[in-house]
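One-letter residues, chain by chain:
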Amino acid sequence: LSACPPPGGDDGSGGSELVDATWEEEDDDTNGFPTDAEPVDVSWTGSVTIEGTMEDCGYDSEENWPWTGDEDNFRVEAPADGYLEVILTWDGSADLDLLVWYEPPSPGPGGSVSPDEQFTSSSDDGEINFLFPDEYGAGDEVVLGVLCAWGSETDYELRVTWED
């Protein structure tokens, strides 16, 4: 992962512009579980916008892991010491959920894949915002999951912003 820290300065910008980047979901077949999250491997310091598509939706409340449709998971590295905010937006008729892991989950004995935070929205043209409660150090990683419980195929943007 290659998040670059912002140059020094009182506001973290060192007098230069923060870098906003875009990442397009690479392979929908390999990022379907949080332990296999797709690394967002792009340099950024201000924000990174992840563009993806929910191809199908499904939810079965009888299952231990109830999402049965498309699941997109991304591993994002903090570019510098500071705070992260996540904003998930989409256009269309779908119920998207945002799952947040404060650090990459580890399966197996003693590990857990349960998210630290879970947010749902069943509104068309939805938006979910989350501000991480604690500061992250440069290079610390988080995992973000976008899941579709019901609705039709829809494009989404998952924007991660950094500030000191």
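All chains use their own residue numbering, which begins from 1 and follows the written sequence. With pLDDT at 70 or above as the cut-off, local features in this predicted model cover only qualifying residues; side-chain atom pairs require 80 or more to be listed or tallied, and sums for whole chains, interfaces and linings still use all residues. As a rule here, side-chain values cover all heavy atoms of the structure and leave hydrogens and water aside.

### Notes on the side chain of Glu 38
Next up, step 1: Helix numbers and strand numbers start at the N terminus; a helix is a DSSP run of H or I with at least 4 residues, a strand a run of E with at least 2. Relative to the helices and strands, Glu 38 resides in strand E2 (residues 38–39).
Next up, step 2: Each residue is placed in one exposure class: buried if its accessible area under a 1.4 Å probe, protein chains only, is under 20% of its type's maximum, exposed if it is over 50%, and partly exposed if it falls in between. In summary, the charge assignment counts Lys and Arg as positive and Asp and Glu as negative, without counting His or the chain termini. Throughout this description, the term salt bridge denotes a Lys or Arg side-chain nitrogen within 4 Å of a carboxyl oxygen of Asp or Glu. Although Glu 38 is buried, it forms no salt bridge, and the closest oppositely charged side chain is Arg 75 at an N-O distance of 10 Å.

### Thoughts on the pairing of strand E10 (residues 154–163)
Next up, step 1: Two strands qualify as a pair provided DSSP detects at least 2 bridges between them. Across 8 bridges, strand E3 (residues 47–54) lies against E10 in antiparallel orientation. By the bridge assignment for E10, Glu 51 is matched with Glu 157.
Next up, step 2: By the bridge criterion, 8 bridges tie strand E5 (residues 83–90) to E10 in an arrangement that is antiparallel. Directly across from Glu 85, in E10, lies its bridge partner Thr 161.

### Focus: the sheet that holds E5
Next up, step 1: Strands sit in the order E1-E3-E10-E5-E8 across an open sheet of 5 strands; the sheet is mixed. Each edge of the sheet is formed by a strand with only one pairing partner; in this case those strands are strand E1 (20–24) and strand E8 (127–131). Across this sheet, the average inter-strand angle for adjacent strands is 15°, counted without regard to direction.
Next up, step 2: Relative to E8, E5 runs antiparallel, the two sharing 5 bridges. Bridge pairing in E8 places Ile 87 opposite Asn 129. Axis definition: a line fit to C-alpha positions, over the contact stretch in the case of helices; interaxial angles, taken between N-to-C directions, run 0 to 180 degrees.

### So, the sheet that holds strand E9 (residues 141–151)
Next up, step 1: With respect to topology, 5 strands assemble into an open sheet ordered E2-E4-E9-E6-E7, the strand pairing being mixed. Looking at which strands have only one partner, the edges of the open sheet turn out to be E2 and strand E7 (117–121).
Next up, step 2: As judged from the 2 bridges shared by E2 and strand E4 (residues 71–77), these two strands associate in the parallel manner. If you follow Pro 39 over to E4, its bridge partner there is Arg 75.

### As for the pattern of salt bridges
Next up, step 1: The tally for this structure, following the rule as stated, stands at 1 salt bridge.
Next up, step 2: Note that Arg 75 is salt-bridged to Glu 141, the shortest N-O span being 3.2 Å. Of this pair, Arg 75 sits in strand E4 while Glu 141 sits in strand E9; the two residues are 66 residues apart in sequence, bridging distant segments of the chain.
Next up, step 3: Residue class for Arg 75 comes out partly exposed when judged on its relative accessible area of 24%.

### Description of the state of the cysteines
Next up, step 1: The definition used for a disulfide is geometric: two cysteine sulfur atoms within 2.5 Å. Applying the stated criterion across every chain yields a total of 1 disulfide.
Next up, step 2: Linked covalently through their sulfurs, Cys 57 and Cys 148 form a disulfide whose S-S length is 1.8 Å. As the torsion about the S-S bond is roughly 70°, the Cys 57-Cys 148 disulfide counts as right-handed. Within this pair, whereas Cys 57 is found in the loop between E3 and E4, its partner Cys 148 is found in strand E9, the two being separated by 91 residues in sequence.
Next up, step 3: Looking at Cys 148, the relative accessible area reads 0%, which means it is buried.

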